[in-house]
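Each chain, letter by letter, is given below.
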Amino acid sequence: MQKLFYPKKNMFKNPLIKNMCEYRDLVDEFDKDYEGTWAKFANEKIDWFKPYDQILDESNAPFYKWFTGGQMNVAHQCVDRHLETKKNKAAIIFEGDNGDQRILTYRELAYEVNKTANMFKNNFGVKKGDRVVIYMPMIPESAIVMLACAKIGAIHSVVFGGFSAEALRDRIIDAEAKLVVTADGAYRKGKPYMLKPVVDIALSSGCECVQNVCVVERNGENIEWIAGRDYSYNELIKEQSSKCQTEPMDSEDPLFLLYTSGSTGKPKGVQHSSAGYILWAQMTMEWVFDIQDNDTFWCTADVGWITGHTYIVYGPLAAGATTVMFEGVPTFPDAGRCWKMVEEYQINQFYTAPTAIRLLHKMGADEPTKYDLSSLRILGTVGEPIDPPAWKWYYEVVGNSNCSIVDTYWQTETGGHVISPLPVATPIKPACATFALPGIIAEVIESDGTPTEIGEKGLMCITKPWPAMIRTIWNNDERFIKSYFGDCKKEGKAIYFSGDGAMIDEDGYITITGRTDDVINVSGHRMGTAEVESAIKKHDNVASVAVVGKPHEIKGEGIFAYVVLKSVPTTQKDQTAEEFALAKEINAMIKTEIGAIALCDGMIFVSDLPKTRSGKVMRRILRSIAKGEKITQDISTLENPNIVKSIEKIFNS
Ligand code: WT7
């Protein structure tokens, strides 16, 4: 029997779900009346401009629609509606890389959002349904710009600031963005870094759709301004009125696109709705983070990822909470930075990724003990399975064995948490996402819908549509169906498959076992092997390549590449030097095509890849080799079985 960790109930005053009985009651309520229960929450939580006619429209499955006929607005839900009761409450607390601080109250945030929305309408002609690409650092303007889009009904697509010009360009073109909002740059580890020059390169070809670039001046470094195209946000904002009409949005109007990796070389524009998305963002904020009126919530993600969307901006603000935004990195000026901030702002919920926990543990195991962290009640993790040693340190040292750890499992596509402990109710097993949240019908099954046996690996599926689910892939309905509804069926009906494997134990606890597809999870970020491969193939001397994940001490998984060259160096001496130079060039290529997040942690040059007779690369074998495992699979069916020995030899040399 695995040891259970029970929540320290005296740490919590007014939890929404107080114990497992209340959890089960809620699950039962959904079970008895699925749509009615969702409707109850939608009525209670959303400030509707116009009530909806239908709760769930399944007529065009899997293109499910929720709360059709209803009208509301996400910026109103997150900001304006709070003015009556919280106008002077801190909405966003910002800390810069160098420690500078800025606090925006709900009133100030409302004014900034309105001014920005007016600027988008008046200066850039942005209308409802237009796409705005946001390529920004972690500064309050990122949240302001997202909300300004929501206010006027424009669809934003935030592109993580670590992506390269090529990656940015692909996303701009796919979304046909009219406006790009960026910053000159920002600060990291005490030094300025630049973003606008990357936008300039991205826009240098193929982006005719973009009419304007709006630049927030954050670090004041010198940048180029293209007359008639580029405008300073800081200048234009001065002329704007702080009053702006709110666009009434249909429940199903898209709120945003967020590109994520899949199993092809081209990223997918995950499209989210307005009402369903914000409802779940707010509900999970309340259930999983037990957000109370006086709390200060800090999620360390970047706004460029879904975690930043849902749990820095939309969830906390919809719940009327105070959210912290941090420009810098957790290890600068030292590995105590986060704990110093927890003490300073009296953070109550701290939410980060296992990769950051491992890094902070390694770089400063005792750092948390130097600060007063007694304000903490909940510690969250997300992005990948957390390993027991990291969990233990997080629980004992950071949380002083008092905090509830919520291991939240979800995806860009799910909009918000789907499997997670409830901090006051759920007895926790370390490194286990525990149970599906009420309203989420999660099942671990075989592809034909048969439930897997206790302790057996199966496929992580969600068998009923839920309000915050992905609506489609932008401009690609077919890929949407194929990616998520093509693999698993239950009672003859296509159901949502996450791409992850999972296991249920004898107590019904769900453990996520990782991706079952060709997607690697690097530092909690999803990376498609096909995407990395297509970047590597752009190198002139690369004939073919296969990329796999390899366990990595800090990142969880690192990227490992097997490269077949067109022309191979001849002498042994040349070979070493030349391969070294090539590996450098290939990584430079990846940096240009995708960004530093996709750099290979290891690369070997091989004469061929193991293939089946039909020409399919046997990644399973390559994954095993990268892990240092003995090859036990039957390789006799390979077209070139001898290559396996040769690759193993190179790998081990
Ligand atoms: C993939 C989604 C959701 C925000 C961050 C990543 C993995 C996520 C967990 C967890 C085990 C997890 C899954 C999932 N994942 N959370 N708690 N335990 N694995 O979003 O880029 O859409 O990636 O991250 O493999 O499919 P994303």
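Residues numbered from 1 in each chain as written. Predicted model: local features only at pLDDT ≥ 70, side-chain atom pairs only at ≥ 80, totals over all residues. Heavy atoms only, no water.

### Section: the overall build of the protein
So the rule is basically this: A run of H or I in DSSP becomes a helix once it reaches four residues, and a run of E becomes a strand once it reaches two; helices and strands are each numbered from the N terminus. Atoms considered for the radius of gyration are the C-alpha atoms alone. The globule rule reads 2.2 Å times the number of residues to the power 0.38. To be clear on the numbers: accessible area is Shrake-Rupley with a 1.4 Å probe, and residue cover counts the displayed protein chains and nothing else. Counted as positive: Lys and Arg. Counted as negative: Asp and Glu. His and the chain ends are not counted at all. The atom standing in for a charge is NZ when the residue is Lys, CZ when it is Arg, CG when it is Asp and CD when it is Glu.
Assigned secondary structure in the protein consists of 19 helices and 31 strands. In terms of C-alpha radius of gyration, the protein reaches 25 Å, essentially the compact-globule figure of 26 Å for 653 residues. Projected onto its principal axes, the C-alpha positions of the protein cover 75 × 65 × 60 Å. As presented, the protein carries roughly 25900 Å² of accessible surface, and 49% of it is formed by carbon and sulfur atoms. If you average the places of the 72 positive and of the 86 negative side-chain charges in the protein, the two averages end up 1 Å apart.

### Let's talk about helix H19 (residues 642–652)
What counts here: Exposure is judged per residue with a 1.4 Å probe applied to protein chains only, and the accessible area is read against the type maximum: over 50% gives exposed, under 20% gives buried, and values in between give partly exposed. Along the arc lie the directions from the helix axis toward the C-beta atoms. Any two residues whose heavy atoms approach within 4.5 Å are treated as being in contact.
Ile 643, Val 644, Ile 647, Glu 648 and Phe 651 are the residues of H19 that are buried. Buried positions in H19, seen along its axis, are confined to an arc of 135 degrees and lie on one side of it. Among the exposed residues of H19, those pointing more than 90 degrees away from its buried face are Asn 642, Lys 645, Lys 649 and Asn 652. Lining the buried residues of H19 we find strand E29 (542–552), strand E30 (556–565), strand E31 (602–606) and helix H18 (619–627).

### Observations regarding the site of the ligand
As a reminder, the rule being used: Only heavy atoms are used to decide nearness, and a residue is near a molecule or strand if one of them lies within 4 Å of it. Under the rule applied, a polar contact is a pair of N or O atoms within 3.5 Å (in protein, one hydrogen donor and one hydrogen acceptor; residues adjacent in sequence only if both atoms are side-chain atoms). Put simply, Ala, Val, Leu, Ile, Met, Phe, Trp, Tyr, Cys and Pro go in the nonpolar bin, Asp, Glu, Lys and Arg in the charged bin, and everything else, Gly too, in the polar bin.
Near the ligand, the surroundings consist of 18 residues, among which Asp 407, Thr 408, Thr 412, Asp 500 and Arg 526 are the closest. Take Glu 384: an N or O atom from its main chain is 3.5 Å from a nitrogen atom of the ligand. Between Asp 407 and the ligand, the recorded distance is 2.7 Å, taken from a side-chain N or O atom to a nitrogen atom. In isolation the ligand exposes 550 Å². Once the protein is present, 96% of that is buried. Listed by contribution, the elements that provide at least two residues to the shell around the ligand are helix H11 (306–318), strand E20 (404–408) and strand E26 (510–515). Taken together, the residues that form the shell around the ligand break down as six nonpolar, seven polar and five charged.

### Describing the pairing of strand E4 (residues 90–95)
The following threshold applies: In this description, strands pair whenever DSSP reports at least two bridges between them.
For E4, the tally of buried residues reaches six of six residues, placing the bulk of the element in the interior. Examined bridge by bridge, E4 and strand E5 (residues 101–105) share five bridges and lie antiparallel to one another. What sits directly across from Glu 95, in E5, is Gln 101. In textbook terms, the turn of a hairpin is the stretch between consecutive antiparallel strands, and for E4 and E5 this stretch comprises five residues, one of which, Gly 99, has a positive phi near 95 degrees. In this sheet, strand E17 (residues 322–326) lies alongside E4 in parallel orientation, the contact comprising four bridges. Note that in E17 the partner of Glu 95 across the bridge is Phe 326.

### Overview of helix H5 (residues 106–122)
Let me state the cut-off plainly: Multiplying 1.5 Å by the residue count of a helix minus one yields the expected span of that helix.
Relative to the 24 Å expected for 17 residues at 1.5 Å per residue, H5 spans 24 Å between its end C-alpha atoms, a close match to the ideal helical length. Taken residue by residue, H5 has Tyr 106, Leu 109, Ala 110, Glu 112, Val 113, Asn 114, Lys 115, Thr 116, Ala 117, Asn 118, Met 119 and Phe 120 as its buried positions.

### Here we look at the sheet that holds strand E18 (residues 349–352)
Keep this limit in mind: For helices, the axis comes from a line fit to the C-alpha atoms of the stretch in contact; other axes are also lines fit to C-alpha atoms, and the angle between any two N-to-C directions lies between 0 and 180 degrees.
Read from one edge of the open sheet, seven strands run E5-E4-E17-E16-E18-E19-E20, paired in mixed fashion. Of all strands in the sheet, those with a lone pairing partner are E5 and E20, marking the two edges. Each adjacent strand pair in this sheet contributes to an overall mean axis angle of 20 degrees, direction not counted. Against the sheet, helix H12 (residues 337–345) engages E4, E5, strand E16 (296–299), E17 and E18, with an angle of about 145 degrees to E4.

### Focus: the environment of Gly 70
The residue Gly 70 is located in the loop between strand E2 (65–68) and strand E3 (71–72) in this model. Taking relative accessible area as the criterion, Gly 70 reaches 0% and is therefore assigned buried. Here the alpha-carbon distance between Gly 70 and Ser 251, two residues 181 residues apart in the chain, equals 5.6 Å. The residues contacting Gly 70, other than those within four sequence positions of it, are Trp 48, Lys 50, Pro 51, Tyr 52, Asp 53, Met 249, Asp 250 and Ser 251.

### Looking at the sheet that holds strand E7 (residues 155–158)
What the eight strands build is an open sheet, ordered E12-E11-E8-E6-E7-E14-E15-E23; its pairing is mixed. What marks the edges here is a single partner per strand, and that holds for strand E12 (230–232) and strand E23 (472–473). Bridge analysis of strand E6 (residues 131–135) against E7 gives four bridges, and the strand direction is parallel. Counterpart to Val 133 in the pairing with E7 is Ser 157.

### Let's talk about the confidence of the model for the protein
Filter applied, for reference: Each residue gets a pLDDT score, which is the predictor's confidence in that residue and runs from 0 to 100.
For the protein, per-residue confidence averages 96 on the pLDDT scale, and residues scoring 70 or more make up 100% of the total. Summarising per-element confidence for the protein, the mean pLDDT is lowest in helix H17 (residues 572–593) (90) and highest in helix H6 (residues 140–152) (99).

### Points about unusual backbone geometry
In this model, Ala 61 is joined to Pro 62 through a cis peptide bond whose omega is 5 degrees. Tracing the backbone shows Pro 62 in the loop between strand E1 (54–57) and E2. Each neighbour pair has its own omega, and for Phe 332 with Pro 333 the value is 0 degrees, a cis peptide bond. For Pro 333, the location among the structural elements is in the loop between E17 and H12. Its identity is not glycine, yet Gln 346 carries a phi of approximately 50 degrees, on the positive side. Structurally, Gln 346 can be placed in the loop between H12 and E18.

### Looking at the nonpolar core
What counts here: The term nonpolar core refers to a set of buried residues drawn from Ala, Val, Leu, Ile, Met, Phe, Trp, Tyr and Cys, joined through side-chain atoms within 4.5 Å.
By size, the foremost hydrophobic cluster in this structure holds 127 residues, and its most contacted members are Phe 120, Trp 287, Tyr 314, Ile 419 and Trp 466. Among the elements that line this core, the one with the most residues is helix H10 (residues 275–288), at ten residues. With residues near it in sequence (within four places) discarded, Tyr 314 still touches Val 74, Cys 78, Met 146, Leu 147, Ala 150, His 156, Leu 255, Phe 256, Tyr 277, Ile 278, Ala 281 and His 309. Residues Ala 202, Ile 520, Val 545 and Phe 605 belong to the second largest nonpolar core, which totals 46 residues.

### As for the packing of aromatic side chains
The cut-off we apply is this: Ring geometry is summarised as follows: Phe, Tyr and Trp rings, the Trp one being its six-membered ring, pair when their centres sit within 6.5 Å, and such pairs are stacked at plane angles under 30 degrees, edge-to-face over 60 and tilted between the two. The criterion for a charge sitting over a ring is simple: Lys NZ or Arg CZ within 6 Å of the ring centre, and within 35 degrees of the ring normal.
All chains considered together, the criterion is met by 44 aromatic pairs. Measuring from ring centre to ring centre gives 5.8 Å for Tyr 311 and Tyr 351, while their planes differ by 80 degrees; the resulting arrangement is edge-to-face. Pair noted here: Tyr 311 is in helix H11 and Tyr 351 is in strand E18, with a separation of 40 residues, a long-range link. For the pair Tyr 311 and Tyr 351, one class covers both residues: buried. Taken together through their ring pairs, the aromatic side chains of Phe 30, Tyr 34, Trp 38, Phe 41, Trp 48, Tyr 52, Trp 66, Phe 67, Trp 280 and Trp 287 make up a single cluster. We note Lys 40 situated over the ring of Phe 41; from NZ or CZ to the ring centre the distance is 4.9 Å.

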